[in-house]
Amino acid sequence: MAGRFVRASKYRHVFGKGTKKEQCYDNLRISKNAWDTNLIKANPEYISVNWEASGGGAFAVIPVNEVGRAPELMPLFRGHTAAVLDTDWSPFNDHLISSASDDGKVFIWQVPENFTLQSDGEEPADVSPVARLSGHMRKVGHVLFNPAAENVLASSSGDYTVKLWDVEAGQAKLTLKHNDIVQSLSWSADGSQLVTTCRDKKLRVWDVRQEKPAVEVAGHPGAKNSRAVWMGETDRIATTGFSRMSDRQLGLWDPRNPAEPIGGFQILDSISGVCMPFWDDGTQCLYLAGKGDGNIRYYEYENDKFEYLSEYTSPNPQRGVAFMPKRGINLHENEVLRCFKTVNDSFIEPVSFIVPRRAEMFQSDIFPPTSGSKPGVTAEEWFGGKTALPPKISLESLYNGEAPKEVASDYKPPQPAAAQPSPIKAEAPKPAPEPTPAPVSRGPPPQLKDNASLSSQADKFAEKDGESDKESESSFEEVSKPVQRPSVTAAKQEEKTGVREPEQQKFTPPAQPKPVTSPAESTPAPAASSTPSAGGPAGALRDALGDIKSQLEYQNRVMADQSDQIALLMKEVLQLKITAGSQSQDPSSREKDERIRELELELEEARS
């Protein structure tokens, strides 16, 4: 296992779970318009879908709980004179929705109370807009509400502009001019900045209230559409696009240092469909849904890198995907995210992303606080220059069936990547127990600290004698590894010299001091030091120092015995050399030479 490391993550085993056909939203007529949008949007109560309608543009709103086959005649949201290209739900009002159309208009709609697709046999009445926002000269391709300010809406148009609307006042307050058609836009978490991708292959980060780009750099080099998404409160931007060879790419950008993506562009695959990025701030995960294929892959953002987690695969390709806000997911099933995908332009399939756990209580580690339905600032305050994050709610209150409870926002100002703490370091102490790990060696200092030596135990009882204890400990360590002679060598030595070797083989190297000598010295030191004497701390200290002294005396005796053994071996080698030199022609000289070599090896071993 050397060199192998399993990255710690709570979301490593998240898996996507599709839905049976009877639990999908069937019998729909999803728009076949080729404009590059997500086609559908969702909130905890409703799903909006661009509708294939004749005689003008329309979109449908489907209550989330009305699954199954939709009726042939259903109420539509009509009012545009051309195809609806995009819709977006207000983050603070689940009944308020905006729409963008090929007719160059932006409409605001209010979903009626108790809205349902079912009718009593009569032809259902269509819904009309409550506000019409005019100002673009060409078709409007995207609309996106501000995530922190109430009733602030951004819209992009074929007239190369992005307009920021005060929905309450019904007029455009700010205009961001581009050089070509805008392909995607995304707000920062506090709603003060906007990132856009454009057909001129530029990535722009706008200080919107200054109406000028703070950052303008070259984006993906490919000719096909690119997308951008602001990664919540991380002060990072993720982009998807294409290379010059039409390979799909993923990029990570730092708005403060935007010369090039962090670590360069990452090649995903060679599929030709646009990759739709979605960011989940709670799990710190990026989801990439391919347009034209049935796959949704997801990555965890960590240390300025995207760590690949897994991929949800399906034989049913999607043209549009929408992710539901966190306050609408099923917390009791450990569902961390839910999305809706269009299939064959005829039905919408929910896909749940689940953490595989079995628990009967709220999992607070995978469900951090999330944005609620209360804005941070009003539209008037925001256009006046004020910026604030929306307050967050505790998902545990929703888990318990209570009203959403606001919690203190844990948002911190963005810091450079080098200063950000690593999520691995924060999570490492949880699975790793405190006791000493057996399979991993941390080096001598941690081992000596973990092994309760005599001197370390003595330090616990008296601080004033700390220096003497350290000296004793260091002296003890210097002689802690005496040579242990093999029993065969000892037998040969005794046979040749007639001198019995000292009983040094009974000694055990003191990784944890446990000498075995005479019965008087056989009491282990940890047992003596672990039991306080009747004299209190001072008595325990004396006992511990006495044990250390006896250990040192024993070590000195062992070393003296080894010195005697070395002297005997040197004497025998010298005698054999003299005998071999005087009897060089003796047939047994070869055996003597071998004996000399053997004794020399033993001598080297004893010296070591």
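Residues numbered from 1 in each chain as written. Predicted model: local features only at pLDDT ≥ 70, side-chain atom pairs only at ≥ 80, totals over all residues. Heavy atoms only, no water.

What follows is about the overall build of the chain. Along the chain, the regular secondary structure elements total ten helices and 33 strands. Put simply, the chain has 608 residues, and 48% of those count as buried. Looking at the chain alone, contacts between residues at least 24 apart form 53% of all its contacts between residues at least 6 apart. Counting only carbon and sulfur atoms, one obtains 50% of the accessible surface of the chain, whose full area is about 30600 Å². (Helix = DSSP H or I, 4+ residues; strand = E, 2+ residues; numbered from the N terminus. Buried < 20%, exposed > 50% of the residue type's maximum accessible area, 1.4 Å probe, protein only. Contact = heavy atoms within 4.5 Å. Areas by Shrake-Rupley, 256 points an atom, 1.4 Å probe, with all protein chains shown as cover.)

This part covers the packing of aromatic side chains. Summed over all chains, the structure comprises 23 aromatic pairs. Consider the rings of Trp382 and Phe383, whose centres lie 5.0 Å apart with planes at 85°: the pair is edge-to-face. One aromatic cluster in this structure is built from Tyr46, Phe59, Phe77, Trp89, Phe107, Trp109 and Phe115. Between the NZ or CZ atom of Arg132 and the centre of the ring of Phe107, over which it lies, the distance is 5.1 Å. Over the ring of Trp382 we find Arg209; its NZ or CZ atom is 4.9 Å from the centre of that ring. (Phe/Tyr/Trp six-rings, centres within 6.5 Å; stacked < 30°, edge-to-face > 60°. Lys NZ or Arg CZ within 6 Å of the ring centre and 35° of its normal.)

This part covers the pairing of strand E26 (residues 296–302). When you tally the buried positions in E26, you get seven out of seven residues, the bulk of the element. Hairpin connection of strand E25 (residues 285–290) to E26: five residues between the antiparallel strands, including Gly292 at a positive phi of 105°. As paired strands, E26 and strand E27 (residues 305–312) are joined by seven bridges and run antiparallel to one another. Pairing of Tyr301 across the sheet is with Phe306, part of E27. Counting the residues in the hairpin turn of E26 and E27 gives two residues, including Asn303, whose phi is positive at 55°. (Pairing = 2+ DSSP bridges.)

In this section: the pairing of strand E15 (residues 171–177). Bridging between strand E14 (residues 161–166) and E15 involves six bridges; their strand directions are antiparallel. By the bridge assignment for E15, Trp165 is matched with Ala172. Between the end of E14 and the start of E15, which pair antiparallel, lie four residues, with Gly170 showing a positive phi angle near 75°.

This brings us to the pattern of salt bridges. Scanning the model with the defined rule gives 28 salt bridges in all. One salt bridge connects Glu307 with Lys305, and the closest N-O pair in it is separated by 3.6 Å. Judged by its relative accessible area of 21%, Glu307 falls in the partly exposed class. Where Glu402 meets Lys405, a salt bridge forms, and the shortest distance between an N and an O atom there is 3.2 Å. Residues joined in a network through salt bridges with shared partners are Asp235, Arg236, Asp254, Arg256 and Asp304. (Salt bridge = Lys/Arg side-chain N within 4 Å of Asp/Glu carboxyl O.)

Further remarks concern the sheet that holds strand E5 (residues 57–63). Spatially, E3-E4-E5-E7 is the arrangement adopted by the four strands of the open sheet, whose pairing is antiparallel. At either margin of the open sheet sits one strand with a lone partner, and together these are strand E3 (40–42) and strand E7 (77–80). Adjacent strand axes in the sheet meet at a mean angle of 20° when their direction is disregarded. Direction of pairing for strand E4 (residues 46–51) relative to E5: antiparallel, over a ladder of six bridges. When the bridges of E5 are listed, Ser48 appears paired with Val61. (Axes fitted to C-alpha atoms, helices over the stretch in contact; angles between N-to-C directions.)

Here we come to unusual backbone geometry. Even without being glycine, Asn344 reaches a positive phi, approximately 55°. Located in the positive-phi region is Asp345, a residue other than glycine, with phi close to 55°. Inspection of the secondary structure assignment puts Asp345 in the loop between strand E29 (335–343) and strand E30 (347–354). The class of Asp345 is buried, set by a relative accessible area of 16%.

In this model, the chain carries a mean pLDDT of 79, and residues with pLDDT of at least 70 account for 75%. Note on residues 411–534: pLDDT under 50 across the span, and 126 contacts to partners over four residues away in sequence or across chains. (pLDDT = per-residue confidence, 0-100.)

It is worth spelling out the environment of Glu311 at this point. For Glu311, the position within the fold is in strand E27. Remark: the alpha-carbon pair of Glu311 and Tyr298, spanning 13 residues in sequence, is separated by 6.1 Å. A distance of 3.4 Å separates the side chain of Glu311 from the side chain of Asn295, its partner in a polar contact. (Polar contact = N/O pair within 3.5 Å; in protein donor to acceptor, adjacent residues only side chain to side chain.)

Quick look at the sheet that holds strand E24 (residues 275–280) now. In spatial order, the strands read E24-E25-E26-E27; together these four strands make up an open sheet with antiparallel pairing. The sheet is open, and its two borders are formed by E24 and E27, each paired with just one other strand. Sheet twist, expressed as the mean angle between neighbouring strand axes with direction ignored, is 25°. Of the pairings in the sheet, the one linking E24 to E25 comprises six bridges and is antiparallel in character. Within E25, the position partnered with Trp279 by the bridge is Leu286.

Here the focus is the environment of Ser9. In this fold, Ser9 is placed in the segment before strand E1 (15–17). Between the alpha carbons of Ser9 and Glu302 there is a distance of 9.9 Å; along the sequence they are 293 residues apart. Here Glu300 takes part through its side chain, which lies 2.5 Å from a polar atom of the side chain of Ser9.

Looking now at the side chain of Glu300. The residue Glu300 is located in strand E26 in this model. Look at Glu300 and you get buried, because its relative accessible area is 7%.

Here we come to the side chain of Thr370. When you line up the elements, Thr370 lands in strand E31 (residues 370–371). With residues near it in sequence (within four places) discarded, Thr370 still touches Lys326, Lys392, Ile393 and Leu395.

Turning our eyes to something else, we now look at the environment of Cys275. Locating Cys275 in the fold gives a position in strand E24. Cys275 gets classed as buried once you look at its relative accessible area, which sits at 5%. Other than its neighbours up to four places away in sequence, Cys275 contacts Arg227, Thr240, Arg248, Leu268, Leu288, Ala289 and Gly290.

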